[in-house]
Amino acid sequence: AYVARLAAHAPQDVRVGRRDAEVIVTTPWSLPSDMPPLVVLLDLHRLDAAYELAVMQLVRQRPQRMIATSACIATAQSVAQWLNIPPRHTYTFAPGDHPYPATLTLDTVDVAYSDALVRAVIKPAYDHIKAAGSDDGPALLFVSSRTQCMFAARELIARLATDPGGIPMLADPDSVAVRAHSPELGHLLRQGVGVWHPGFSASDRQLVEELCAAGIVRIVLCPRETMYTLPMRGHIVLVLGTQYMVH
């Protein structure tokens, strides 16, 4: 199928060539003037003002078929009614419905937002990683921002240094670290900790993905905005700072 990307900043030939496209990938800010027979709305749980306005325009034009997907939300029936989707065609799943067994744990820390908060939550996070083991897959840690991500990585390395036999690390870390273009990432990889965020080059992100998939790096830290796009899976997932989560 011929796929065209429709965006306000796209070249003119791309916007014109979309007339022959079978699939159009667009954003709420660049909707096509002619309504396609099938409209797929992704990530409705991330609905903002611009997305809501675009959806309202689509609903008014009444496409032949509309499919909407979302993470678990408490107002699924209301959203379906807003989209003119009959109740019999609405499927919702509870947050506890997992295709695999999962255990959820919540630890609270009474510390104001600062570096002290990250320093405080690293200890229970490390204890959970150590208890879960590393044979079944890596541990993914989501932190509030890129800056806090790097700070948390350094705090985690300090914790690893005080417990040498706690979590198995790289057998030959130098051979892995030299492949990183970022000196800071190379230093972290030498300690057996990976960091994945858009601030690194594509090659560095791919390196972390490969090391994670191969089981060489057992701990990967990521900023929270990558939760929906991270191309990695973890045996244990920790969210440091749930006060920033948006439902």
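The coordinates are above.
Residues numbered from 1 in each chain as written. Predicted model: local features only at pLDDT ≥ 70, side-chain atom pairs only at ≥ 80, totals over all residues. Heavy atoms only, no water.

### Topic: the nonpolar core
Within the largest apolar cluster, 45 residues are counted, with the highest numbers of intra-cluster contacts made by Leu-141, Leu-189, Val-195, Val-220, Leu-221 and Leu-240. Considering every element that reaches this core, the biggest residue donor is helix 5 (residues 146-161), with 8 residues. Leu-41, Val-55, Val-59 and Leu-83 belong to the second largest nonpolar core, which has 9 residues in total. (Core = buried A, V, L, I, M, F, W, Y, C linked by side-chain atoms within 4.5 Å. Buried < 20%, exposed > 50% of the residue type's maximum accessible area, 1.4 Å probe, protein only. Helix = DSSP H or I, 4+ residues; strand = E, 2+ residues; numbered from the N terminus.)

### Re the packing of aromatic side chains
Taken as a whole and judged by the stated rule, the model has 0 aromatic pairs. Of note, Arg-205 hangs over the ring of Trp-196, and the distance from its end group to the ring centre comes to 5.8 Å. (Phe/Tyr/Trp six-rings, centres within 6.5 Å; stacked < 30°, edge-to-face > 60°. Lys NZ or Arg CZ within 6 Å of the ring centre and 35° of its normal.)

### Looking at the environment of Glu-22
Tracing the backbone through its elements, the reader meets Glu-22 in the loop between helix 1 (12-17) and strand 2 (23-26). Among the residues examined, Glu-22 registers a relative accessible area of 63% and is labelled exposed. Once the C-alpha coordinates of Glu-22 and Pro-36 are considered, the two residues, 14 residues apart in sequence, prove to be 9.5 Å apart.

### As for the sheet that holds strand 7 (residues 219-223)
The strand order across the open sheet built from 4 strands is 6-7-5-8, with neighbouring strands paired in parallel fashion. Looking at the sheet topology across the chains shown, the edges are occupied by strand 6 (193-195) and strand 8 (236-239). Each neighbouring strand pair of the sheet contributes to a mean axis angle of 20°, computed without reference to strand direction. Relative to strand 7, strand 6 runs parallel, the two sharing 3 bridges. Within the sheet, the bridge partner assigned to Val-193 lies in strand 7 and is Ile-219. Strands strand 5 (139-143), strand 7 and strand 8 of the sheet are contacted by helix 4 (residues 115-132), whose axis makes an angle of about 175° with strand 8. (Pairing = 2+ DSSP bridges. Axes fitted to C-alpha atoms, helices over the stretch in contact; angles between N-to-C directions. Contact = heavy atoms within 4.5 Å.)

### Considering the environment of Leu-83
Along the chain, Leu-83 falls in the loop between helix 3 (76-82) and helix 4. In the structure, Leu-83 is positioned 21 residues away from Arg-62 in sequence and 9.5 Å away in space, judged by C-alpha atoms. Setting aside chain neighbours within four positions, we find Leu-83 in contact with Leu-41, Leu-44, Val-55, Val-59, Met-66 and Ala-68.

### So, unusual backbone geometry
Not every positive phi belongs to a glycine, and Asp-43 is a case in point at roughly 55°. Within the secondary structure, Asp-43 is located in the loop between strand 3 (38-41) and helix 2 (49-61). Classification of Asp-43 by relative accessible area gives partly exposed; the value is 32%. Of note, Arg-62 is a non-glycine position whose phi angle comes to about 50°, a positive value. By secondary structure assignment, the location of Arg-62 is in the loop between helix 2 and strand 4 (65-68).

### A word on helix 2
With 13 residues, helix 2 ought to run about 18 Å at 1.5 Å a step, and its terminal C-alpha atoms sit 19 Å apart, in line with that. Those residues of helix 2 lying buried are Tyr-51, Ala-54, Val-55, Leu-58 and Val-59. The arc enclosing the buried residues of helix 2, seen along the axis, measures out at 140°, which places them on a common side. Exposed and facing more than 90 degrees away from the buried side of helix 2 are Ala-49 and Arg-60. One or two residues past the end of helix 2 sits Arg-62, with phi positive at roughly 50°. (Expected span 1.5 Å × (residues − 1). Arc of directions from axis to C-beta.)

### Thoughts on helix 8 (residues 202-213)
Taking 1.5 Å of rise per residue, 12 residues should cover 16 Å, and helix 8 covers 16 Å from first to last C-alpha, within 8% of that figure. Here helix 8 has its buried residues at Asp-204, Leu-207, Val-208, Leu-211 and Cys-212. Angular distribution of buried residues about the axis of helix 8 spans 130°; they occupy a single face of the element. Along helix 8, the residues that are exposed and aim more than 90 degrees away from the buried face are Ala-202 and Ala-213.

### What about the packing of helix 4 against helix 5?
At a minimum axis distance of 9 Å, the contact between helix 4 and helix 5 shows a crossing angle of 50°. For the element pair helix 4 / helix 5, the angle class is oblique. Crossing geometry of helix 4 relative to helix 5 is assigned as right-handed. Where helix 4 approaches helix 5, its residues Asp-115, Val-118, Arg-119, Ile-122, Lys-123 and Tyr-126 are matched on the opposing element by Gln-148, Phe-151, Ala-152, Glu-155, Leu-156, Arg-159 and Leu-160. For the contact of helix 4 with helix 5, a count of residues per class yields 7 nonpolar, 1 polar and 5 charged. (Parallel < 35°, antiparallel > 145°, perpendicular 65-115°, else oblique. Left-handed = near helix turned anticlockwise from the far one by under 90°. Nonpolar A, V, L, I, M, F, W, Y, C, P; charged D, E, K, R; others polar.)

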